[in-house]
Amino acid sequence: MQKILFVINTMGRAGAEVALLELFRKLDKKEYDISLYVLMGQGEMIHQIPPHVKVRNTAFNSSSVLAEEGRWNLLKTVVKAFFKNGKYIKKCGYIVSNLLPMMKNRKIQKDKLLWRVVSDGTPRFEEEFDLSVAWLEGGSAYYVSDWVKAKKKVAFIHIDYKKAGYTRKMDRGCWNHFDRIFTVSEDARNKFLEVYPEHQDKVMVFPNIINQEYIRSRAKEPGGFSDNYGGIRILTVGRLVYQKGYDVAIKAMKRLKDLGYQVRWYVLGEGEQRKNLEKKIEALGLENDFLLLGTVENPYPYYAQSDLYVHAVRFEGQGIAVLEAQTLGCPVIVSDFCSSREQIENGKYGISCEFTPESIAFCIERLLKDEGLRKKLGQMALVKEVPKGQEKIFSELFE
């Protein structure tokens with residue numbers, strides 16, 4: 001039986017975590033002895049880990065990583081990591097050297113600065129594994145690269161690496177230590193290779209896994225909207241963070257309301273941008289029109305009850321929420337981010353917009369006016385199949 005250690009940054013409610021849970025269910029528990037280590041030791045999805053997966057954290061906090069209390073807990077973990085394993089001057093030097101370029105570009109990304117601190121200050125395993133998997137870029141990739149003993153190491157990239165803010169200086173050669181690097185889409189592969197062209201031969205595509213039968217079954221459970229709204233419902237699912245572009249979506253909604261459309265936009269998700277977004281919503285008088293509903297355990301009834309799904313983000317590797325929306329027959333509008341063209345296949349399963357309030361509003365208006373097109377896109381999405389059999393790649397790694 002092959003011993004595999006998966007490492008992930010957190011187990012918060014997000015697309016990469018959903019995909020990991022589905023992979024765990026797919027991997028043969030008779031063939032693999034599977035362990036999971038959560039770098040930050042936190043996340044509300046920990047309770048969904050299948051019983052055959054051994055969680056290696058000695059302590060775990062199941063609070064949300066997106067709620068205010070959860071973010072304070074994450075900060076405490078970072079502080080503890082800084083003072084563990086020594087080398088304080090080296091840690092400070094790393095932070096300062098990477099902070100200066102961020103300040104120059106006027107875009108400070110705290111998580112990117114601190115992943116090395118967390119990785120270097122996290123407990124380590126003495127045992128050797130047959131395979132170690134860094135499920136996310138950043139902390140988990142650094143940890144597996146530097147501190148895990150394994151016969152083989154692989155990593156997964158779930159984002160547009162170039163736009164996400166990582167740099168070669170920040171990574172400190174970590175990708176040299178991996179035997180395989182998987183990206184969730186062909187576009188994500190190309191973006192990563194723009195930064196690391198020397199790894200051309202070991203970067204492969206491994207699309208996210210979702211369980212369409214499970215999603216459709218859960219969509220039939222009680223839940224969903226409770227406001228008895230009679231107009232058009234627009235849905236977006238995702239964390240309330242800068243990457244997801246809700247500030248631009250709010251402006252698009254303002255344009256639609258000014259044009260007189262009877263629409264209401266709902267967002268399922270939580271995050272650090274909540275207060276800023278609430279201020280923008282209030283300033284534009286959209287308190288009853290653009291609703292931040294927070295996170296829910298089962299989002300699928302909301303998809304099924306929506307008239308339109310909009311996924312307008314600044315950057316992404318592959319939108320799990322887009323796949324879920326399509327599985328439930330939602331007509332989809334996506335911004336032109338990495339892999340979005342693959343997901344809608346040139347208008348077959350959705351339409352694309354530019355990442356501007358004007359373009360987002362225009363595309364929504366187009367589907368509001370053309371009910372026939374809206375229904376056609378939903379029907380096509382409903383029969384779209386997602387890639388299957390990705391778990392077989394793991395058996396090939398041991399050959």
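Throughout, a residue's number is its position along its own chain's written sequence, starting from 1. Side-chain atom pairs in this predicted model are given and counted only at pLDDT of 80 or more, local residue features only at pLDDT of at least 70, and totals for whole chains, interfaces and linings cover all residues. Hydrogen atoms and water are omitted, and side-chain values are computed over all heavy atoms in the structure.

Chemist: So what's going on with the overall build of the protein chain? Which residues, and what values?
Modeler: Within the protein chain one finds 17 helices and 13 strands. Relative to its length of 399 residues, the protein chain is compact, with a C-alpha radius of gyration of 21 Å against a globular reference of 21 Å. Exposure is judged per residue with a 1.4 Å probe applied to protein chains only, and the accessible area is read against the type maximum: over 50% gives exposed, under 20% gives buried, and values in between give partly exposed. Here the protein chain holds 399 residues, and the buried ones make up 58% of them. Looking at the protein chain alone, contacts between residues at least 24 apart form 68% of all its contacts between residues at least 6 apart. As displayed, the protein chain has an accessible area near 18000 Å², and 51% of this comes from carbon and sulfur atoms. Charge centroids of the protein chain, computed over 61 positive and 51 negative side chains, lie 4 Å from each other. Secondary structure elements are taken from DSSP: a helix is a run of H or I of four residues or more, a strand is a run of E of two residues or more, and numbering for both begins at the N terminus. When we talk radius of gyration, it's over C-alpha atoms, and the globule rule is simply 2.2 Å times the number of residues to the 0.38. Working rule for contacts: check all heavy atoms of both residues, and any pair within 4.5 Å makes them a contact. Here, Shrake-Rupley sampling with a 1.4 Å probe gives the accessible areas, and only protein chains in the shown set may cover a residue. Only four residue types enter the tally: Lys and Arg on the positive side, Asp and Glu on the negative side; His and the chain ends are excluded. Taken as the charge location is NZ of Lys, CZ of Arg, CG of Asp or CD of Glu.

Chemist: Explain the environment of I351 to me, using residue names and the numbers behind them.
Modeler: Looking at where I351 falls in the secondary structure, it is placed in strand β13 (residues 351-353). In this structure the C-alpha to C-alpha distance between I351 and V154, which are 197 residues apart in sequence, comes to 34 Å.

Chemist: So, the pairing of strand β10 (residues 290-294): which residues are in play, and what are the values?
Modeler: Successive side chains on a regular strand alternate, one facing one side of the sheet and the next facing the other. With respect to burial, β10 is a largely interior element, four of its five residues being buried. Strand direction decides the pairing type here: strand β9 (residues 263-268) and β10, joined by four bridges, are parallel. Each bridged residue has a counterpart across the sheet, and for V267 the counterpart in β10 is L292. Orient the strands so they point away from the viewer; a crossover is then right-handed if the path from the first strand over the helix to the second runs clockwise. Each parallel crossover has a hand, and the one from β9 via helix α11 (residues 274-283) to β10 is right-handed. When DSSP finds at least two bridges between two strands, those strands are taken to pair.

Chemist: Give me the lowdown on the packing of aromatic side chains, citing residues and values where you can.
Modeler: Centre distance within 6.5 Å is the pairing criterion for rings of Phe, Tyr and Trp, where only the six-membered ring of Trp is used; planes under 30 degrees apart are then read as stacked, over 60 as edge-to-face, and the remainder as tilted. Going through the model one piece at a time under the given rule, you end up with 21 aromatic pairs. An angle of 40 degrees between the planes, with centres 5.6 Å apart, marks the rings of W175 and F178 as tilted. As far as burial versus exposure is concerned, W175 and F178 are alike and both buried. Following the ring pairs from residue to residue traces out a cluster consisting of F6, F24, W135, F156, F182 and F206. Whether a charge lies above a ring is judged from NZ of Lys or CZ of Arg, which has to be within 6 Å of the ring centre and within 35 degrees of the ring normal. Directly above the ring of Y214 sits R25, whose terminal nitrogen or CZ lies 5.8 Å from the centroid. Seen from the ring of Y142, R116 lies directly overhead, with NZ or CZ sitting 4.0 Å from the centre.

Chemist: Lay out the nonpolar core with the relevant residues and their values.
Modeler: Where a protein is soluble and globular, its nonpolar side chains tend to be buried together. Within this scheme, the nonpolar core is defined by two criteria: the residues are buried Ala, Val, Leu, Ile, Met, Phe, Trp, Tyr or Cys, and they are joined through side-chain atoms within 4.5 Å. F6, M11, L36, W135, Y303, Y309 and F394 are the most contacted members of the largest nonpolar core, which totals 57 residues. Of all the elements, helix α1 (residues 15-26) adds the most residues to this core, at six residues. Y303 has contacts with L235, V237, Y309, A321, E324, A325, L328 and C330, leaving out every residue within four places of it along the chain. M40, L66, C174 and I181 belong to the second largest nonpolar core, which has 38 residues in total.

Chemist: Help me get a handle on the packing of helix α15 (residues 357-369) against helix α16 (residues 371-383), residues and values and all.
Modeler: In the contact formed by α15 and α16, the axes pass within 5 Å of each other and the chain directions differ by 100 degrees. As far as their axial angle goes, α16 and α15 are roughly perpendicular. In contact with R366, L367, L368 and K369 of α15, α16 contributes E371, L373, R374 and L377. Looking at side-chain class alone, the contact of α15 with α16 contains four nonpolar, no polar and four charged residues. Convention adopted: a line fitted to C-alpha atoms gives each axis, helices being fitted over their contacting stretch, and angles between N-to-C directions are expressed from 0 to 180 degrees. For classification purposes, an angle smaller than 35 degrees is called roughly parallel, one larger than 145 roughly antiparallel, one from 65 to 115 roughly perpendicular, and anything else oblique. When residue character is reported, Ala, Val, Leu, Ile, Met, Phe, Trp, Tyr, Cys and Pro are called nonpolar, Asp, Glu, Lys and Arg charged, and the others, Gly included, polar.

Chemist: Which residues make up the sheet that holds β9, and what values do they have?
Modeler: If you trace the six strands from one edge of the open sheet to the other, you get β10-β9-β8-β11-β12-β13, paired in parallel fashion. The sheet is open, and its two edges are formed by β10 and β13, each paired on a single side. Strand-to-strand twist across the sheet, computed as the mean angle between neighbouring axes with direction ignored, equals 25 degrees. Pairing between strand β8 (residues 232-237) and β9: six bridges, direction parallel. Bridged to R233 within β9 is R264. Contacts from helix α10 (residues 246-258) reach β8, β9 and β10, with the element oriented near 165 degrees to β9.

Chemist: Account for the sheet that holds strand β3 (residues 54-55), naming residues and giving values.
Modeler: Neighbouring strands of a sheet are bound in pairs by backbone hydrogen bonds; such pairs are parallel or else antiparallel. Ordered in space as β3-β2-β1-β4-β5-β6-β7, the seven strands form an open sheet in which the pairing is parallel. Edge positions in the open sheet fall to β3 and β7 (203-205), since each of these has one partner strand only. Direction of pairing for strand β1 (residues 2-8) relative to strand β2 (residues 32-38): parallel, over a ladder of seven bridges. When the sheet's bridge partners are listed, I4 is paired in β2 with I34. Across the sheet, helix α5 (residues 139-147) is in contact with β1, β2, β4 (128-134) and β5 (149-157); its angle to β4 comes to roughly 155 degrees. Helix α8 (residues 186-195) contacts β5, β6 (180-183) and β7 of the sheet and is inclined by roughly 160 degrees relative to β7.

Chemist: Any chance you could break down the side chain of N298 for me, citing the residues and the numbers?
Modeler: By the element assignment, N298 lies in the loop between β10 and α12 (300-304). On the basis of relative accessible area, N298 is assigned to the buried category, the value being 11%. Two N or O atoms form a polar contact when they lie within 3.5 Å of each other; inside protein one atom must be a possible hydrogen donor and the other a possible acceptor, and for residues adjacent in sequence the pair counts only when both atoms belong to side chains. Only 3.1 Å separates the side chain of N298 from the backbone oxygen of R218, close enough to count as a polar contact. A polar atom in the side chain of N298 sits 3.2 Å from the side chain of E221. Once you skip the residues sitting within four places of it in the chain, N298 turns out to touch R218 and E221.

Chemist: Describe a nonpolar patch on the surface, listing the residues and the values that go with them.
Modeler: The patches reported here contain residues having more than 30% relative accessible area and no salt bridge. Joining distances are 9 Å for like charges and 5 Å for nonpolar side chains (Val, Leu, Ile, Met, Phe, Trp, Tyr). Basic side-chain nitrogens of Lys or Arg form a salt bridge, by our definition, when they fall within 4 Å of a carboxyl oxygen of Asp or Glu. Where nonpolar side chains cluster on the molecular surface, the patch consists of W72, L75, V79 and F83 and spans about 440 Å² of accessible area. Following the sequence through the fold, V79 ends up in helix α2 (residues 68-82). With a relative accessible area of 41%, V79 lands in the partly exposed category.

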